[in-house]
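# Geometric and topological summary
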Amino acid sequence: MMKTFQADPFALDFDPRTTALVVIDMQRDFVEPGGFGEALGNDVSLVRGAIEPCGRVLQAARDAGLMVIHTREGHRPDLTDCPPAKLTRGGKTFIGEQGPKGRILVRGENGHDIIPELYPVAGEPIIDKPGKGAFYQTDLHLILQSRGIKTLIVCGVTTEVCVNTTVREANDRGYECIIPEDCTGSYFPEFHKYALEMIKAQGAICGWVTNADNIIAGLK
Ligand code: C5J
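Note that the structure is predicted; figures quoted are calculated from it, not measured.

## As for the packing of helix 3 (residues 51-63) against helix 8 (residues 212-219)
Running from N to C, helix 3 and helix 8 point in directions that differ by 10°, and their axes come no closer than 9 Å. If you check the angle between helix 3 and helix 8, you find them roughly parallel. On helix 8, the residues touching P53, R56, V57, A60 and A61 of helix 3 are A212, I215, I216 and L219.

Printed below as a string of structure tokens:
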């Protein structure tokens, strides 16, 4: 049965059977002190506001029987899947270095894992991605296609980097994407604002923007 999310720039109809929640990179490395985000000079308290609304949307999606997918940005321990250009960006290397939560942005390390508040449950695929976009060099598209998914609710961090890149990749692949703005966060409040405006401008050129309450109401 078709349902509707209230959203900008206009309401979005969706079928819960073909809708998935994608939670992007809610890893310690991005939202807790001592990880990659902080190593880059950012104040992680700015993105922590997304955790609580994200948790409510995650619970509502589970209750409604939606497919739920989590992503993690990170690399193999030998860093062979990390392009030199990413490793040395800004002239300084952080990826792979030892930090308080283990080696930064390396798979299997404590900092790379998803925060306990939003931890996946059995049956929820985790996509390990080497890039910013969740489709690049992953099997996300195959997994979504195999389940006939058409609509994506996209939460996570950061708004203008991995959320934005993933939504653009998804939009080009034919998915309708909706972002609950309070379930995303950025170290730069102005980037958060304009990243969302860029998505919904020109008649939802890349997707829709809403909030956690509208997602929860739409799923009921
Ligand atoms: C960044 C991300 N910001 N998950 N990654 O490097 O947005």
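That shown, we press on.
## Brief notes about the UniProt feature "domain: Isochorismatase-like" (unreviewed entry) in the protein chain
Within this structure's numbering, the places UniProt gives as "domain: Isochorismatase-like" (unreviewed entry) are residues 19-205. Secondary structure content for residues 19-205 is 33% helix and 19% strand, while the C-alpha to C-alpha distance between its ends is 19 Å.

## With respect to the environment of R173
Here R173 shows up in the loop between helix 6 (159-172) and strand 9 (176-180). Taking C-alpha positions, R173 is 8.4 Å from H141, a pair spaced 32 residues apart along the chain.

## Some thoughts on helix 7 (residues 189-204)
In a regular helix each residue adds 1.5 Å, so 16 residues correspond to 22 Å; helix 7 covers 21 Å between its end C-alpha atoms and thus fits that length. E197 marks where helix 7 bends most, by close to 30°. In this fold, the buried residues of helix 7 make contact with helix 6, strand 9, strand 10 (184-185) and strand 11 (208-210).

## Points about the site of the ligand
Around the ligand, a shell composed of D25, F30, E73, K132, V157, T158, V161 and C162 is seen. Classifying every residue of the shell around the ligand gives four nonpolar, one polar and three charged.

## Topic: the packing of helix 6 against helix 7
At a minimum axis separation of 10 Å, helix 6 and helix 7 run at an interaxial angle of 15°. With respect to helix 7, the axis of helix 6 lies roughly parallel. In the packing of helix 6 onto helix 7, the handedness of the crossing is right-handed. Of the residues in helix 7, those in contact with T159, E160, N164 and V167 of helix 6 are F191, H192, A195, L196 and I199. In terms of residue class, the contact of helix 6 with helix 7 is built from five nonpolar, three polar and one charged.

How each quantity is defined
- Residues numbered from 1 in each chain as written.
- Predicted model: local features only at pLDDT ≥ 70, side-chain atom pairs only at ≥ 80, totals over all residues.
- Axes fitted to C-alpha atoms, helices over the stretch in contact; angles between N-to-C directions.
- Helix = DSSP H or I, 4+ residues; strand = E, 2+ residues; numbered from the N terminus.
- Parallel < 35°, antiparallel > 145°, perpendicular 65-115°, else oblique.
- Contact = placed C-beta atoms within 7 Å.
- UniProt positions renumbered as here; feature names shortened; annotations may be inferred.
- Expected span 1.5 Å × (residues − 1).
- Bend = angle between axes of the 7 residues up to and from the residue.
- Near = placed C-beta within 6 Å.
- Nonpolar A, V, L, I, M, F, W, Y, C, P; charged D, E, K, R; others polar.
- Left-handed = near helix turned anticlockwise from the far one by under 90°.

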